[in-house]
Structure formats: structure tokens, C-alpha cells
Amino acid sequence: MFDKYNIIVVGGGHAGCEASYAAGKLGSKVLLITMNMNSIAQMSCNPAMGGVAKGQILREIDALGGMSGIISDLSTIQFRMLNRSKGPAMWSPRTQNDRALFATKWREALESNPNVDIWQDMAVGLLEKNGKVLGVKTSLGLEINADSVILTSGTFLNGVIHIGEKNFGGGRAGERASVGITEDLVRLGFESGRMKTGTPPRVDGRSLDYGVMEEQKGDSVPGKFSFSNTIAVKDQRSCHITYTNEAVHDILRTGFDKSPMFNGRIQGIGPRYCPSIEDKIDRFAERPRHQIFVEPEGWNTIEVYVNGFSTSLPEDVQFEAIRKVKGFEKAKMFRPGYAIEYDYFPPLQLSTSMETKLIENLFFAGQINGTTGYEEAACQGLMAGINAHQKLNNKESFKLNRSEAYIGVLIDDLVHKGTDEPYRMFTSRAEYRLLLRQDNADLRLTKKSFELGLADKERMETVNKKEEDLEKLLSNLKKEKLNPEQANPILTSLGTSEIKEKSSFQKLIKRPEVSLTDLKKELESSHTFLQNAEIDTLEQAEILTKYDTYLEKERLMAEKLQNMEEKTLPEGFDYQKLVSLSNEAREKLHSIRPQTLGQASRISGVSPADLSVLMVYLKK
């Protein structure tokens, strides 16, 4: 039935879709195995993409030639740029999406990729010989051969769903768990663990009173994720905000004795930054209310996602409590919230290419590595797909360092620090976040992707033009000057002091009160260089001008880091011989096997003194 495939991707979630599409586009023959073809690219949790730091990741995926940004744009029902009141390093695009349309567009993308085949089945084990993966075994008794396998199993590995005192096997509501893979991997010597996540109840939007809630509209001029020619959403659907109260909390507390989280039935560790509602009212008992975001599931559905009300309490307690929320007094529930426990594999067992250290040509991506979130999964899938293809074609693995991309930060954190709780990306994790802004992801990454063969020629030409336009604009901002008669009325209206002599645009833009958009509005008729400048180019030029000193500091820091990254550590070196290293450092270095001094510096337990010992050894 099956030809010999280059790559088998197990799992049709966000990681699996990106891995399959990227590897197929690069030229590998790919088989995507999924337990349910109707659930490909399912948004298992909230119908939204992006957000703080996650929006930066999505733009990086797009700049690299991945599909998540494009699919998000095609299914957007609302767009917001978060944190506009803060500095540009914090600006983060976020969309509400049509859940069904998102999945449909992803499936269309996969089906339009001639190198991707799809097979509905459950992978229950690996084919392996002499430390090398040879394919997979399935629940139908098939053995399907491939040169490489990428596991993107999400929350399905031995998944258990909890609702109050009830629990049953499942990887998602209405879908069975995946069995066999964990046992096979443990047999091969992998270490596994358990994690937990949760989801809130879904309700009937017709039963809610939106009039008593705070309306949350999209941006008046909506943006988009993709740097390609996708079209920004025009009409938008509003979200709403409401709050819990003491009455809600009191009802929820009545179910604590039946809560699987409190009575010990859930052993897995949950996400610290996205706790369940019962965890919130237990940990923050002094708070009289918690925010709830009321999010529509799409254009043509009445289903509503109750963001902020994740719970695994009994369904009757959920229902009674949610009806005490303002605007939810007559709420009808479609389905209750639940918690899900699943197996994961600590990511210290991976190299930076996402390939496992134990089994050659076996790659992990997504929640199997201990991450949480669509965006974190998608970028891992993209990198695993690229690197599986590179490895099979005897090409150098594709890696991004911490000063090049949030994706580089995420992978570096996972494979060198590990995680024992669901890992979520934040801007605070990136020490070079001013360099890694959402607006410049294409300038940072598209050339790299073009050289790989993933980003197409049109993408590269667009980036080249953007760079040229930006350079010209920055040059003109430095050259062109305004006299006091032209500038002062504008400066006064913006609440900043007047000038007494000619001043360059560059100097004026450095003022916090002055934006290039304001100056363009008033002066484009008299300064032709402003007339045809794209909004994105104006924004980029303003950031580079206002923050030039800070950007330069970060660049210098990044160069120092790169110097450490270029100092390679010998493969297979016996760290036990370096008696000057601390015991913990010897143990960690022997286990994790960093490839460079920079990677070693980020391993927990390796001190500056240990690094000095390594540097002395490298000089010798």
C-alpha cells in the first residue's frame, strides 16, 4: 500500500502540520499519520493565535516560510496589536480565529502540497534497528517504512481526561488517547513524565447578556501576521470581558473535595501561567474577582469560549458557578471544561535540531517536549521538518541562536535547561527582545529560509525591497531638516517644546511625543520622501531611530554571545577528566552534551567558574 517515505510525521496538530508542509515543500516525500483526518489542525483550546511573545513566534514562522501566519490571516475574525502602550519589543499581534475555518484552510494547504500524503491510523510503536529509526507500526497492524520519523503527539500519549471524580482515556474531548508510543520509547531508553493542561466550558452565545459586559473591539486599522500578500480582515467580531465574583468562588469551593487537582488524582504538573479557575481562587483567595474573556468561536457559530474559566470540577458545579458570572445568568452550556493528563519526554534528550540523542533520525516536536501553546508547537514542527529533510540530504542542520529569533530562545531553553512544567514563551525569556521584534522578523529570517529553499523568490524580493526602502528612508530622515516655522506648530500640538533652529527629522523623532506618522500626516505634501513610504517601513524607521542606543547595546551583547557560540566543545569529550569542574557541572555536561561554550553557559548548574575551566581547556 505504501511507497517508501522520506519522513513520517505522527500527529496532525500544529506541530505536525508545519513539519509536514515544510518537509514536503523542501522536496521530501512525507506521510502524515493522524488518528482523525477531520481533526487536522484542530484548535484544541481557545480559538486564537499569537499574543505576548507568541505573536513574535508566528511572525518568525511566517518569515521562515511556514504556514501558520497565513492560515491565521485567512481565518481571522478579530485582530489586535497588544501592548501598544509599551515599547516596541513588547508589541505582540494577536487574532481571534474562526476555529472551523482555521482547520479547513490548514487541510487545504496540506492537500495542495504534492509531496504530502495523509493516512488515518494510530501509530503504536517505532521500527528501529541499531539505534536508527526505520518507520512506525500502526494499530491496523501495518509497518510503514521511512528514513525519518517526527513525533508530534500533542496531549494524546496515554491521555486521561478528568471531570470531577470521573476520568477516562482521551487525547481531546470526543477523541481517544494514543497508546503504545510511550512504552516503546521507554523500552528504547527514553525518560518520560506526565503533564497536565485544561480547558474551560463552551457555552451558547444566544444565552448570554453581552449588554452588561465590557466590549472588546479589534484594532480600528487591523494588521495581519503574514509578510506575504494576505489581506487584513475588514469586518471584525467583538470579544467581551466580564468577571467572576465571590458568589462564583463560593460555589466553586463546594466542588473542591471532588476536584482531581486537589484530591491527588492528577499527578501531572499544569501550566503555571494559565491556571484553572479553582487553582486561581485557591492560590489568590484575597482577590474578589478574576477576569473572564468571552470569545466567539467563529463567523457562523453561536459557540463561545470562556477564556479564564478552565476547570476540571464536576460539571454541575461548573454550570451552577458560571451562571453567577455577570452576563451568564441564563447561560446554556454546550460542554463542560476538563483537565487532561498526558505523557511527555523531557527535552534534554534532544539536540538543537530537534533530533533525539538516543535514536538517529527520530525527531520530537510540540507538547511531547513539554511545551504548551499552538505557536510553540508550530515553530518546533517547522524546525523538525526542516532538519529532518536536511539530515536525509546530508546537509547541515538549520539552527537559530538566541539573538536571531524567539524560536532560537525556545529551542535553546528546552534542550539545555529542560522543563518540568509546561513551557510557555514570554518576552522576558528573550534577553535580546528589542532585536527580536515582531516587525522585523522578515528582515531577520527570510534570507536564511530562502537559502534553505523554503521561502520563495517572491518573498526574498519583497524583503530586499523593504530593506532598500528602509535604508533610503533612514538616510532622508538624517538629511532632511525642518525650520522652526514648519516644525513648531506641529510640536506644540504634540505637547513638546519648540525648536529655535533647523532640526533634522531624525532628531525630532527621538522625542517620545513625536511619531513619524504624525509628521507624515502634516508634512508629506512638502517632503516627497514621506509620500510613498509604507506604514510598515515608517514604523520600522521610527523604532530604529528612537531606540538606536539600546539596539546597539543589544547588538554588542549578541556579538559577545556569538563568540561563545563559536567556541565548540569536543564531541564525546570525557568531562569526568576535568577534576576542576564542580561535580554538578561534570554530571550535567556529560548528560546534556552541549555543542558550544555558549550552550554550556546556559545549563543550570554550570557556574562561571566551570566556564573558566572549560575556556582554559579549549585554549590548550
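What this report covers is the structure whose coordinates are included nearby. (Residues numbered from 1 in each chain as written. Predicted model: local features only at pLDDT ≥ 70, side-chain atom pairs only at ≥ 80, totals over all residues. Heavy atoms only, no water.)

Quick notes on the side chain of Arg437
Residue placement: Arg437 occurs in the loop between α10 (406–417) and α11 (441–452). Each residue touching Arg437, except ones within four places of it in the same chain, is listed here: Gln56, Pro88, Ala89, Arg444, Gln540, Ile543, Leu544 and Leu551. (Helix = DSSP H or I, 4+ residues; strand = E, 2+ residues; numbered from the N terminus. Contact = heavy atoms within 4.5 Å.)

Things to note about helix α21 (residues 608–619)
Taking 1.5 Å per residue as the helical rise, α21 with its 12 residues ought to reach 16 Å, and the 17 Å between its terminal C-alpha atoms agrees with that figure. Among the residues of α21, Asp610, Leu611, Val613 and Leu614 are the ones counted as buried. Angular distribution of buried residues about the axis of α21 spans 155°; they occupy a single face of the element. Opposite the buried face of α21, at more than 90 degrees from it, the exposed residues are Pro608, Ala609 and Lys619. In the core, the buried residues of α21 are packed alongside α18 (548–565), α19 (583–592) and α20 (597–601). (Expected span 1.5 Å × (residues − 1). Buried < 20%, exposed > 50% of the residue type's maximum accessible area, 1.4 Å probe, protein only. Arc of directions from axis to C-beta.)

Quick word on the sheet that holds strand β19 (residues 338–344)
The four strands are arranged β11-β10-β19-β12 in an open sheet whose pairing can be described as antiparallel. Lying at the two open borders of the sheet, with one neighbouring strand each, are β11 (166–169) and β12 (193–199). Averaged over neighbouring strand pairs, the angle between their axes works out to 25° when direction is ignored. Where β12 meets β19, seven bridges bridge the pair, whose relative direction is antiparallel. Bridge pairing in β19 links Lys196 to Glu341. (Pairing = 2+ DSSP bridges. Axes fitted to C-alpha atoms, helices over the stretch in contact; angles between N-to-C directions.)

Re helix α13 (residues 484–493)
Those residues of α13 that fall on the buried side of the exposure criterion are Pro484, Ala487, Asn488, Ile490 and Leu491. At the N-terminal end of α13, a side-chain oxygen is found 3.1 Å from the backbone nitrogen of Glu485, two or three residues along, and the residue is Asn483. Trailing α13 by a residue or two, Gly495 shows a phi angle of about 80°, which is positive. (Polar contact = N/O pair within 3.5 Å; in protein donor to acceptor, adjacent residues only side chain to side chain.)

What about the pairing of strand β15 (residues 239–243)?
The element β15 is extensively covered by neighbouring structure, given that five of its five residues are classed as buried. Here β15 shows no split at all, with Cys239, Ile241 and Tyr243 on one side and His240 and Thr242 on the other all buried. Relative to β15, strand β14 (residues 214–216) runs antiparallel, the two sharing three bridges. Bridging across to β15, Gln216 finds its partner in Cys239. Sheet topology places β15 next to strand β16 (residues 291–296); four bridges connect them, and they run antiparallel. Among the inter-strand pairings, Ile241 is bridged to a residue of β16, identified as Phe293.

Details of the sheet that holds strand β5 (residues 92–97)
Ordered in space as β3-β5-β4, the three strands form an open sheet in which the pairing is antiparallel. Strands at the two margins of the open sheet, each flanked by one partner only, are β3 (48–50) and β4 (76–82). Between one strand and the next, the sheet's axes are offset by a mean angle of 20°, whatever the strand orientation. In this sheet, β5 lies alongside β4 in antiparallel orientation, the contact comprising six bridges. Residue pairing in the sheet places Phe79 in a bridge with Thr95 of β5. The sheet contacts of helix α2 (residues 54–63) involve β3 and β5, and relative to β3 the element is tilted by about 80°.

Some thoughts on the layout of surface pockets
Rolled over the atoms, a probe sized like a water molecule indicates the empty space that remains. Approximately 1500 Å³ is the volume attributed to the second largest pocket. What lines the second largest pocket is a set of 47 residues, among which Arg84, Ile535, Asp536, Thr537 and Glu539 lie closest to the centre. If you list the elements that add at least two residues to the lining of the second largest pocket, you get β4, α12 (457–479), α15 (516–523) and α17 (535–546). Per element, the largest residue contribution to the lining of the second largest pocket is nine residues, and it comes from α17. (1 Å grid on protein atoms, 1.4 Å probe; cavity = no way out; pocket = protein on both sides within 12 Å on 5 of 7 lines; lining within 4 Å. Points joined across faces, edges and corners; volume = space filled by probe spheres on them.)

Function-wise, these values are silent; they only describe arrangement.
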